[in-house]
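Residues per chain are reported as follows:
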2 protein chains.
Amino acid sequence: MSRSFSRSLDLFARAARVIPGGIYGHTHPAATLPMASPYYATRGEGCRYWDADGNGYIDYLCAYGPMILGYHHPEVEAAAERQRALGDCFNHPTPLAVDLAERLVALVDFAAWAVFGKNGSDMTTWALQVAREHTGRKKILRADGAYHGSHAWCTPGHGGLIEEDYAHIHGFTWNDLEDFERRLKEHRGQVAGVIVTPFHHPAFGDSVLPAPGFLQGVEAACRREGVVLILDDVRGGFRLHRGGSHRLFGFEPDLICFSKALGNGYPISAALGRQLLQRAAGRVFLTGSFWNNAVPMAAALACLDVFAREDVPAKVAATGRLLRAGMERLSAKHGVPVRYTGPDAMPFMSFADETNFFRSQTFCKETIRRGAFFHPHHNWFLSAAHTPADIEETLEIADAAFEVVADEFRRPGKAV
Amino acid sequence: MSRSFSRSLDLFARAARVIPGGIYGHTHPAATLPMASPYYATRGEGCRYWDADGNGYIDYLCAYGPMILGYHHPEVEAAAERQRALGDCFNHPTPLAVDLAERLVALVDFAAWAVFGKNGSDMTTWALQVAREHTGRKKILRADGAYHGSHAWCTPGHGGLIEEDYAHIHGFTWNDLEDFERRLKEHRGQVAGVIVTPFHHPAFGDSVLPAPGFLQGVEAACRREGVVLILDDVRGGFRLHRGGSHRLFGFEPDLICFSKALGNGYPISAALGRQLLQRAAGRVFLTGSFWNNAVPMAAALACLDVFAREDVPAKVAATGRLLRAGMERLSAKHGVPVRYTGPDAMPFMSFADETNFFRSQTFCKETIRRGAFFHPHHNWFLSAAHTPADIEETLEIADAAFEVVADEFRRPGKAV
């Protein structure tokens, strides 16, 4: 049962010399599970991947979202391969850029146009600029604790920032429409845009679905005040609803940003917007060396084909419901209460009455050594490649992990 | 000889409906050559590519830089394919991230560490933040007219900006050390970093190599004032010198940013820095969904293998010298004086005493219809896939194009 991470640790020791922090950014779950989590991946297939030591895992992180159809999805890979044989990076866009824009615009109800980038942040930051260009105003409202990317205006980091980076970024409390209206009033006539995620998924915190009427209230206020409503659907897009996550929650933004699941791991992001914003969008410069690369667009078109044929969000949600039901059953069985929040397709599980994540860390450590990868303090992701049999296998692993948690945190004298 | 762009134009008509501007950003040479340039590419091979109408071109733009080894370089593609069979996008980095960091750190003389992103802008913006974190200061100096990416602090665009975006970004005149010292003095004690390109390549302007002593003077001033010197080698990197373009010009920055040619078209960027900056670098959050993707890293490692074995910059410069010599000969032959500036590997040609680019546009239009793609107002790029025979074929085309320019602008009554 015990697993070695020695090759991961050797690699990390090498990395620590030549990469600041060894592993930076969001891809370092091992930071909170030292020596008890893989640090490096080597291959993937379906809903499973293998680490540098050859340990295999049923994966509940999906590369932090992108792998919506599973690693090495044959149809996506075949489409990418066909384009690769022609070429990827050119002086000009390829016809695929037009195809993809048309397909996405047809898919997203309110959208009249689309642009593409590489990172989610490329699009969320540009969306703010479009809102400013359209309104001639400066200020942006965002929910406290929401993640909208790694750029200075929204980074969860502290290093290297200057106050001008976020001088006109103002917070409001998620699900508190009164607070939102208060902030809007406070900056009346100066707010260019409001950026929201479809549900609240703060780092190191439980997920919170939108309260009934909250996003609708935000939308109404934006309309009333001429404010651009931006949906950051980078994390949830195509996993919650194939037409944009606003469809699941019954509201309508003016701009939507996609990335992660759009290309099943191929680097691409997109922003789509209303006709009303097309002129402003055309006036905000955007470009990048690889933004018209054709292979990720071929992959995205293949994903859209799959999404059109199969109800991926329904499938992922159904599998996610099995996982949730199983986890809640095991939690009860072992007398270890959990909070299981967020949509079933991308849930977050924490241990009730715990804020230090010790139980989460033990739980994940124990599932990891038994072959199921869960992140202790980031929401999980399911993919269309997960089957009920995978969930069953996972729940057997979780059963043992819950038992260890129950055991460990029942010991007298154990810090809780 | 005449070429049809009808499929490009049909695609553009579709695009104009669903993409703001139809084609945005830097990939739209057709904007200044309407109906006389390809708008969409479909495939590439070596130093040639084909557009949506099936027209083929000897390519002197190399996808605005990335294609340093030519389209479909067999060794790069094989390395990418090997990694692709294992996987690309994971929960963790792959061992290739460590290999690539080690390889680059060994290659770049002053560098102790490396990080990776997707866009050049990811790295230039992050480099500014590292400089700010390291120094605790706010201000950044940059040469007037230099391109450092599409982010708000440096975008050549105007839309969607607020003054806070560039409140602490100050210009200086390229090659004017006195002006540089004056600006540095003006903001003494407040300057975190200076960002320079290895040579000056303003949009719509002649390229200007560094004057003897200029970059050395900038370096000395940075050392004296404790300012971080950042080399934006996104455009020139690996084309001018395999160890960083500072080597060609005899100075040493503290941080260097690479992107375009690093992966021969695969989306990757990198920043490398001195040991002194490693702590600050570790404190500035950076991340992106696809930043650890393994396939572009495999491609980059294969490029570095080629760079280690073949002196690509020397090869490209030699081919570039043939092009320059030929162009200057043809210019003289046709009595149409040109200014041919910048390094031979990435030159810029303009027509003497002309600032409206009419002759450049005619020239490019005429080479394009004969099968050689040149950009009228952006520097050109050569690749290692260009052979002397390709240059010879190109010069025959250029001969005819110069003749048209000579003819057209000699006509009485023609606006010049």
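Residue indices begin from 1 for each chain and proceed along its sequence in written order. Chain letters start at A and ligand numbers start at 1, both assigned in the order the entries are written. Since the coordinates come from a predicted model, pLDDT governs what is reported: local features require at least 70, and pairs of side-chain atoms require 80 or more to be given and counted, while whole-chain, interface and lining totals use all residues.

Topic: the sheet that holds strand S4 (residues 113–117) of chain B
Residue and element names in this part refer to chain B. By definition, two strands form a pair when at least two bridges between them are found by DSSP. Where helices and strands are cited, they refer to DSSP runs of H or I of at least four residues and of E of at least two residues respectively, numbered from the N terminus. Taken in spatial order, the 7 strands line up as S4-S10-S9-S8-S7-S5-S6 in an open sheet, and their pairing is mixed. Lying at the two open borders of the sheet, with one neighbouring strand each, are S4 and strand S6 (169–172). Averaged over all neighbouring strand pairs, the angle between strand axes comes to 20 degrees, with direction disregarded. In terms of strand pairing, strand S5 (residues 139–143) meets S6 through 4 bridges, oriented parallel. Lines fitted to C-alpha atoms define the axes, with helix axes restricted to the stretch in contact, and inter-axis angles between N-to-C directions lie between 0 and 180 degrees.

Thoughts on the relation of the copies chain A and chain B
Overlaid copies result from least-squares superposition on C-alpha atoms, with residues included only where pLDDT is at least 70 in both. Each copy of the sequence occupies a distinct position, and chain A is placed on chain B by a rotation of 180 degrees and an axial shift of 0.0 Å, giving an RMSD of 0.0 Å. Interpreted geometrically, this transformation is the action of a two-fold axis. Measuring from the rotation axis to each C-alpha of chain A, the shortest distance belongs to A:Glu164, at 2.7 Å. This entry defines residue contacts through backbone-placed C-beta atoms, with two residues in contact when those atoms are within 7 Å. Of the residues that chain A buries at the interface, 100% are likewise interface residues in chain B, meaning the two copies contact each other through the same surface.

What about the interface of chain A and chain B?
Between chain A and chain B, the residue contacts involve 88 residues of the former and 88 residues of the latter. Among the elements of the structure, helix H1 (6–18), strand S1 (41–45), helix H3 (95–107), strand S4 (113–117), helix H4 (120–135) and helix H8 (278–283) of chain A are those that each provide at least two residues to the side of chain A that touches chain B. Counting residues per element, the side of chain A that touches chain B draws most heavily on H4(A), which supplies 6 residues. Residue composition of the side of chain A that touches chain B, grouped by class: 45 nonpolar, 31 polar and 12 charged. As a working rule, the residues Ala, Val, Leu, Ile, Met, Phe, Trp, Tyr, Cys and Pro are called nonpolar, Asp, Glu, Lys and Arg charged, and the rest polar, with Gly in that last group.

Description of the domain arrangement of chain A
All names here are of chain A. Looking at the assigned domains, one finds that chain A contains domain 1 (6–71 + 311–408) and domain 2 (74–309). Tallying the contact residues gives 20 residues for domain 1 and 22 residues for domain 2. Mapped by element, the contributors of at least two residues to the side of domain 1 that touches domain 2 are helix H10 (312–333), strand S11 (338–341) and strand S12 (348–351). Among the elements that make up the side of domain 1 that touches domain 2, the one with the highest residue count is H10 (3 residues). Looking at the side of domain 1 that touches domain 2 residue by residue, the classes come out as 12 nonpolar, 7 polar and 1 charged. Where each domain begins and ends is defined by an automated method or by a domain database.

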